[in-house]
Amino acid sequence: MMSSIIVSICFFIFCCFSFSLQSTDSALKSNETDQLALLEFKAKITYDPLEVLSSWNYSRHFCQWKGVTCSPRHQRVTALLLPSLLLQGSLSPHIGNLSFLRVLSLKNNSFRNEIPRAIGYLFRLRILRLDNNTFGGQIPDNISHCIKLESLRLGFNELEGKVPGKLGSLPKLRILVIHSNNLSGEIPSSFGNLSSLQVLSASANQFVGQIPATLSELKRMRYISFGGNKLSGEIPFSIYNLSTLSDFHFPFNQLRGSLPSDLGFTLPNLEVLNLGANQFTGPIPASISNASNLMRLGIPMNGFRGKVPSFGNLHKLQRVIISMNHLGNGEKDDLEFVNSLVNASRLELLQININNFGGMLPEAVGN
């Protein structure tokens, strides 16, 4: 009886020891995977003038390499932070093997070629910053597999083609920056599904067509910018109901229509309204005075008409640019609105040239 008990205990100890060895072996293999992925990343760097990656060698653990952050328990790479280091080269597809990666920031370097589709394997990724490089090709549609992604910044690159509609399936995405590329096609209507989105910056591209009304579903939106594209038609009135908006940028397009009369009530948090160089008509809504946080009003090079309303409640105004319209009626009180700016002590620029203003410039302008 005693011998059988001893045998059972020995067997239990053996199993535990074997399991421990297997766990240790698995951890070593996982760590080796991360290390090899980092070395493959380094192999694709063709120019490293600051010798940032000189520490990336076998003389020290990879968790101690510059720019690498690991989880304390499992020693897996959770962040790769190499911004603004003058690095040149391409991004290795082996980046997709860093399966615990949560943050990847390579902004402000000179990475070229395409963004590898292997990015889509990073299921834990939350922040992806590849902005201000020279990446080309298309945005990989399987970035949509990174379902925990909160911030995607790809601005100031050479990306082209259509924006994948699948990006609209990222439930936690708060920031989407794709400005200053060569992206084309229409704005995906699926963007309306990005329920967490707060910042959408897509200016300086080649987008065409109309602004999808689905964008009015983005109830948390604070900043939206589509300036410098080829958008046409009218801005859907439902978008003016996004009360959280602070920055509204659509200059240098081919947009038309008029502004809603209740603009200042539906956008009470508005700080910047930039609609210059379009084909807008109609009056400047008198309700704009209700947007008491407004700092910059830019509507030049349009077809706005009629009297300019009072800006008396807009004490935070810094810039008012309403030139090159059809404002005013050639009457002596056309410039009465200037008197309403006397309390805007932060005003730096007042540009009202090339309109139909009559009368004399009020003495209050001296204040």
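Not measured: the values here are computed from a predicted model.

*Asks:* So what exactly am I meant to see when it comes to the overall build of the protein here?
*Replies:* Along the protein, the regular secondary structure elements total two helices and 24 strands. Computed over its C-alpha atoms, the radius of gyration of the protein comes to 28 Å, more than 25% above the 21 Å expected for a compact globule of 367 residues. The buried share of the protein, reckoned over its 367 residues, is 50%. Of the contacts made within the protein by residues no fewer than 6 positions apart, 53% connect residues no fewer than 24 positions apart. Accessible area for the protein stands at about 17,600 Å²; split by element, carbon and sulfur atoms hold 53% of it.

*Asks:* Help me out: how do you make sense of the packing of aromatic side chains in this one?
*Replies:* Two numbers describe a pair of aromatic rings. These are the distance of the centres and the angle of the planes. In the structure shown here, the tally under the stated rule is 13 aromatic pairs. Consider the rings of Phe41 and Phe111, whose centres lie 6.2 Å apart with planes at 45°: the pair is tilted. In this pair, Phe41 is assigned in helix H1 (residues 2-43) and Phe111 in strand E6 (residues 110-112), connecting sequence segments 70 residues apart. The same class applies to Phe41 as to Phe111, namely buried. Through a chain of ring-to-ring contacts, three or more aromatic side chains come together here, namely Phe41, Trp56, Phe62, Trp65, Phe111 and Phe135.

*Asks:* Where do I start with the confidence of the model for the protein in this structure?
*Replies:* Parts of the model with low pLDDT should not have their predicted coordinates read in detail. The predicted model of the protein has a mean per-residue pLDDT of 93, with 92% of residues at 70 or higher. Below pLDDT 50 for its whole length, residues 13-28 participates in zero contacts with residues either more than four positions away or in separate chains.

*Asks:* Help me understand the side chain of Asn229 in this model?
*Replies:* For Asn229, the position within the fold is in the loop between strand E14 (223-225) and strand E15 (230-234). A relative accessible area of 7% places Asn229 in the buried class. Polar side-chain contacts of Asn229 include one of 3.3 Å to the backbone nitrogen of Asn205. A distance of 3.0 Å separates a polar atom in the side chain of Asn229 from the backbone oxygen of Phe226. If sequence neighbours within four positions are ignored, Asn229 has contacts with Ala202, Ser203, Ala204, Asn205, Gln206, Phe207, Phe252 and Asn253.

*Asks:* Can you help me understand the sheet that holds strand E4 (residues 88-90) in this one?
*Replies:* Backbone-to-backbone hydrogen bonds join strands into a sheet, with any given pair of strands oriented parallel or antiparallel. Here three strands make up an open sheet; going across it, the order is E1-E4-E6 and the pairing mixed. Here the strands that pair on one side only, and so sit at the sheet edges, are strand E1 (45-47) and E6. Adjacent strand axes in the sheet meet at a mean angle of 25° when their direction is disregarded. Pairing of E1 with E4, which is carried by two bridges, proceeds in the antiparallel orientation. Its bridge partner being in E4, Tyr47 is matched across the sheet by Gln88.

About the cut-offs
Residues numbered from 1 in each chain as written. Predicted model: local features only at pLDDT ≥ 70, side-chain atom pairs only at ≥ 80, totals over all residues. Heavy atoms only, no water. Helix = DSSP H or I, 4+ residues; strand = E, 2+ residues; numbered from the N terminus. Rg over C-alpha atoms; globule rule 2.2 N^0.38 Å. Buried < 20%, exposed > 50% of the residue type's maximum accessible area, 1.4 Å probe, protein only. Contact = heavy atoms within 4.5 Å. Areas by Shrake-Rupley, 256 points an atom, 1.4 Å probe, with all protein chains shown as cover. Phe/Tyr/Trp six-rings, centres within 6.5 Å; stacked < 30°, edge-to-face > 60°. pLDDT = per-residue confidence, 0-100. Polar contact = N/O pair within 3.5 Å; in protein donor to acceptor, adjacent residues only side chain to side chain. Pairing = 2+ DSSP bridges. Axes fitted to C-alpha atoms, helices over the stretch in contact; angles between N-to-C directions.

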